[in-house]
Amino acid sequence: LMPSITTQCPTRLTALELDLTLSDRHGDEVVEGYDVVFRVGHTAQGELKARTLARLDMALVASPAFVHQRGNPGTLEELRELPFVRYLMRGRSLPITFSDGTSIVPQGRIGLDTGFGLRSAALNGMGVAYLMKCTVQENLDRGELVQLMPQFPLPSLPLRAVHAFGGLTPARVRLFSEFVAAEMQPAPPA
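Just so we're clear, the structure is a prediction, and the values are computed from it rather than from any experiment.

Novice: Tell me about the pattern of salt bridges, and please be specific about residues and values.
Specialist: Pairs can form between side chains of opposite charge once their charged atoms are near each other. In this structure the tally under the stated criterion is five salt bridges. Between Arg-174 and Glu-178 there is a salt bridge; the shortest N-O distance is 3.7 Å. One end of the pair is Arg-174 and the other is Glu-178, both in helix α6 (residues 171-184) and four residues apart, which spans about a single turn. Glu-178 sits in the partly exposed class, given a relative accessible area of 36%. Among the charged side chains, a network of salt bridges with common partners joins Glu-138, Arg-142 and Glu-144.

Novice: Which residues make up the sheet that holds strand β5 (residues 58-62), and what are the values?
Specialist: The strand order across the open sheet formed by three strands is β11-β5-β12, and the pairing between neighbours is antiparallel. With one partner strand each, in any of the chains shown, β11 (129-132) and β12 (146-148) form the two edges of the open sheet. Neighbour to neighbour, the strand axes of the sheet diverge by 55° on average, direction disregarded. As paired elements, β5 and β12 share three bridges and run antiparallel to each other. Paired with Ala-62 across the bridge in β12 is Val-146. Helix α4 (residues 115-123) rests against β5 and β11 of the sheet, and its axis sits at about 125° to β11. Across the face of the sheet, helix α5 (residues 133-141) comes into contact with β5, β11 and β12 while running at roughly 105° to β11.

Novice: Provide a residue-level description of the nonpolar core, including the pertinent values.
Specialist: In terms of nonpolar packing, the biggest core is built from 18 residues, with Leu-60, Leu-79, Ile-96, Phe-98 and Val-128 touching the most fellow members. Those elements giving two or more residues to this core turn out to be β5, α2 (64-70) and α3 (76-80). Sorting elements by how many residues they give to this core places β5 first, with three residues. Filtering out sequence-adjacent residues up to four positions away, Leu-60 remains in contact with Leu-79, Phe-84, Ile-96, Phe-98, Val-128, Ala-129, Tyr-130, Val-146, Gln-147, Leu-148 and Leu-154.

Novice: Give me unusual backbone geometry: which residues, what numbers.
Specialist: The residue Met-149 is not glycine, and still its phi comes out positive at about 50°. Note that Met-149 resides in the loop between β12 and β13 (157-163).

Novice: An account of α4 is requested, with residue identities and associated values reported.
Specialist: Residues of α4 that are buried include every one of Leu-118, Ala-121 and Ala-122, and no others. Looking down the long axis of α4, one finds its buried residues gathered within 100° of arc, a one-sided arrangement. Buried residues in α4 make contact with β5, β6 (85-89), β10 (110-112) and β11. Looking one or two residues past α4, Gly-125 carries a phi angle of roughly 75°, positive in sign.

Conventions used here
Residues numbered from 1 in each chain as written. Predicted model: local features only at pLDDT ≥ 70, side-chain atom pairs only at ≥ 80, totals over all residues. Heavy atoms only, no water. Salt bridge = Lys/Arg side-chain N within 4 Å of Asp/Glu carboxyl O. Helix = DSSP H or I, 4+ residues; strand = E, 2+ residues; numbered from the N terminus. Buried < 20%, exposed > 50% of the residue type's maximum accessible area, 1.4 Å probe, protein only. Pairing = 2+ DSSP bridges. Axes fitted to C-alpha atoms, helices over the stretch in contact; angles between N-to-C directions. Contact = heavy atoms within 4.5 Å. Core = buried A, V, L, I, M, F, W, Y, C linked by side-chain atoms within 4.5 Å. Arc of directions from axis to C-beta.

Take a look at the structure:
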């Protein structure tokens, strides 16, 4: 998610005008003119400044039809045998690392470079997907997806606001980042 933000009154969030670019691609934000970029995961920032806004839970998910046909894995060896819809970064499949440090490289015929594509493919029974749980929670709640192997915890990943303004962060970037951070906090228990 790479929003470019402009504002006429940088001290009031209601005055923000958002121009959003939705992409999982990591580009050169400075050259492309983005004010702030939101990235999930551990990425090298170079000269960019990064602020962690939240930690996002991850999940392995598949459609109920896929689980019915292929089975629900109980071990990492069984999981390795299942076809995945693979997340691609710069043309290669990213490994999935569990909280205990165990890592697998997902195998499967379909590789996609967006979380939206992975979610759609999983919903359509094309394989197991590794996704941010918040992006599939409604599908899990409605029974459209099933979480696989919750007994093997996955580490949460940081959501970061990244910008190239150095120590002089413009108010529009700071305020919008604070807004996103507040929105990403879990709701208090009812």
